[in-house]
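Structural features, examined
The lines below spell out each chain.
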Amino acid sequence: MKRRKKKREEEEVGEGWLLPYSDMMTLLLSLFIVLFSIAKVDSHKLQQVSSVFSQILSSTGSTTIATSQGTAIDNVIDLGDTPKKGKGGAPNVKGEANVKSQANVNTISQAEKAEARLQAEMQQKQTFNQVTQEVKDELAQAGIQGNSTVKQEKDGIHINLDSSILFDSGSAELSDQVQAALKKLVPTLQKVNTYPVIIAGHTDNVPMAHTWRYASNWELSSARAISVMHFFVNNGAFNEDGVSVEAFADTKPVASNDTAAGRAKNRRVEIVIQKAKDQS
């Protein structure tokens, strides 16, 4: 009798741990429910974990199932930004920070370049508008306007100077009177002397009377362009290393050569102040 009673008491004592254990599990479950409710849930990882648990519950083998990207159960509840993992599963926080930092630097650099380019374009537009108007006014005031024109085109400012006013017939020399008038343009042209400049000579289609100096309209148009180039370079309007000279004779008329008025318009020296091709 004594032995049976002692054995019954041992059994009763041995089952007493179940009550505190169940209370502890209930508290832990409550804690995780609270954490889950206030946390950010990664739906993709939650689906992954659900799938893995389904495999675990239906399998009889190992209780650890891995995926090709690491363990399947991995931070389902995300309390913040989950850092990417590098080799060995360790968070590659430093590498990610470096990438973000470099991306920020590149973005700032690109923004600064774009802003600088925009400012340069706006400044160029303002300067070209001002110079165009001032040259128009100065040509009229100097009394050498004639068939001369000043306008802006896509590639820059085009100043067409009337050769009938600049030169005597068959000549490429600027008279003292014309030089005095052209000097009034120098201060204005100096505002754009950092831009490339093309000075081109044009003639009408009337053949040159053969002389020892100019055998054809090609030589005459070239000599006139060079004469205008020398004048403006020597007076500081343009930089010598930024000027080029072209000659077209009668190949690029702006009017018909069938009339005297048309031929007068075709006899010209054209100055093209080119816009900057790259503002970056």
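Residues numbered from 1 in each chain as written. Predicted model: local features only at pLDDT ≥ 70, side-chain atom pairs only at ≥ 80, totals over all residues. Heavy atoms only, no water.

Observations concerning the overall build of the protein
Helix and strand counts for the protein come out as nine helices and nine strands. Among the 280 residues that make up the protein, the fraction classed as buried is 29%. Within the protein, counting contacts between residues at least 6 apart in sequence, those at least 24 apart form 69% of the total. Element-wise, carbon and sulfur atoms account for 54% of the exposed surface of the protein, whose accessible area totals about 18,900 Å². (Helix = DSSP H or I, 4+ residues; strand = E, 2+ residues; numbered from the N terminus. Buried < 20%, exposed > 50% of the residue type's maximum accessible area, 1.4 Å probe, protein only. Contact = heavy atoms within 4.5 Å. Areas by Shrake-Rupley, 256 points an atom, 1.4 Å probe, with all protein chains shown as cover.)

Considering the pattern of salt bridges
This structure, assessed with the given rule, holds four salt bridges. Here Arg213 and Glu173 are joined by a salt bridge, their closest N and O atoms 3.3 Å apart. Note that Arg213 is positioned in the loop between strand S7 (197–202) and helix H8 (217–234) and Glu173 in the loop between helix H5 (163–166) and helix H6 (176–182), a separation of 40 residues in sequence. Its salt-bridge partner being Asp204, residue Arg267 comes within 2.6 Å of it at the nearest N-O pair. Of this pair, Arg267 sits in the loop between helix H9 (260–266) and strand S9 (268–274) while Asp204 sits in the loop between S7 and H8, and the two are 63 residues apart along the sequence. For Asp204, a relative accessible area of 7% corresponds to the buried category. (Salt bridge = Lys/Arg side-chain N within 4 Å of Asp/Glu carboxyl O.)

A word on unusual backbone geometry
The phi angle at Ala249 is positive, at roughly 50°, despite the residue not being glycine. Tracing the sequence through the fold places Ala249 in strand S8 (residues 243–249).

Remarks on the packing of aromatic side chains
All chains considered together, the criterion is met by three aromatic pairs. Taking 5.0 Å as the distance between ring centres and 80° as the angle between the ring planes, the aromatic pair formed by Phe128 and Tyr195 counts as edge-to-face. Linking Phe128 in helix H4 (residues 93–142) with Tyr195 in the loop between helix H7 (186–189) and S7, this pair joins segments that are 67 residues apart in sequence. The class of Tyr195 is buried, set by a relative accessible area of 16%. Geometrically, the ring pair formed by Phe232 and Phe238 is tilted, given 5.6 Å between the ring centres and 55° between the ring planes. Of the two residues, Phe232 and Phe238, neither departs from the other in class, the shared state being buried. Among the aromatic residues, those joined into a cluster by ring pairs are Phe231, Phe232 and Phe238. (Phe/Tyr/Trp six-rings, centres within 6.5 Å; stacked < 30°, edge-to-face > 60°.)

Focus: the side chain of Glu138
Position of Glu138 relative to the elements: it lies in helix H4. For the buried Glu138, no salt bridge exists, and the shortest N-O distance to an oppositely charged side chain is 6.8 Å, to Lys191. Look past the residues within four positions of Glu138 in its chain and what remains in contact with it is Lys184, Leu185 and Thr188. (Lys, Arg positive; Asp, Glu negative; His and termini not counted.)

So, the nonpolar core
It is characteristic of soluble globular proteins that their nonpolar side chains tend to be buried jointly. Formed by 35 residues in total, the largest nonpolar core has its most connected members in Leu182, Phe232, Phe238, Ile271 and Ile273. Counting residues per element, the ones that place at least two in this core are H4, strand S6 (156–162), H6, H7, S7, H8 and S9. The leading source of residues in this core is H8, at six residues. Every residue in contact with Phe238, bar those within four places of it in the chain, is listed here: Leu189, Asn193, Val197, Phe232, Val233, Val243, Ile271 and Ile273. By size, the runner-up hydrophobic cluster in this structure holds five residues, among which are Ala172, Tyr214, Leu220 and Ala223. (Core = buried A, V, L, I, M, F, W, Y, C linked by side-chain atoms within 4.5 Å.)

Side note on the pairing of S9
Most of S9 sits out of view: six of its seven residues are buried. Bridging between S6 and S9 involves seven bridges; their strand directions are antiparallel. Bridge pairing in S9 places Asn160 opposite Glu270. (Pairing = 2+ DSSP bridges.)

Re the environment of Gly146
Inspection of the secondary structure puts Gly146 in the loop between H4 and strand S5 (149–153). Counting along the chain gives 119 residues from Gly146 to Lys265, while the straight-line C-alpha distance between them is 9.3 Å.

Notes on the confidence of the model for the protein
Taken as a whole, the protein shows an average pLDDT of 79; of its residues, 67% reach a score of 70 or greater. Throughout residues 60–81 the model reports pLDDT below 50, and contacts reaching past four residues in sequence, or to other chains, amount to 31 contacts. (pLDDT = per-residue confidence, 0-100.)

Regarding H8
Relative to the 26 Å expected for 18 residues at 1.5 Å per residue, H8 spans 26 Å between its end C-alpha atoms, a close match to the ideal helical length. Of all the residues in H8, the buried ones are Asn217, Leu220, Ser221, Ala223, Arg224, Ala225, Ser227, Val228, Met229, Phe231, Phe232 and Val233. Next to the buried residues of H8 lie H5, H6, H7, S7, S8 and S9. Of the residues trailing H8, Gly236 is marked for its positive phi of about 80°. (Expected span 1.5 Å × (residues − 1).)

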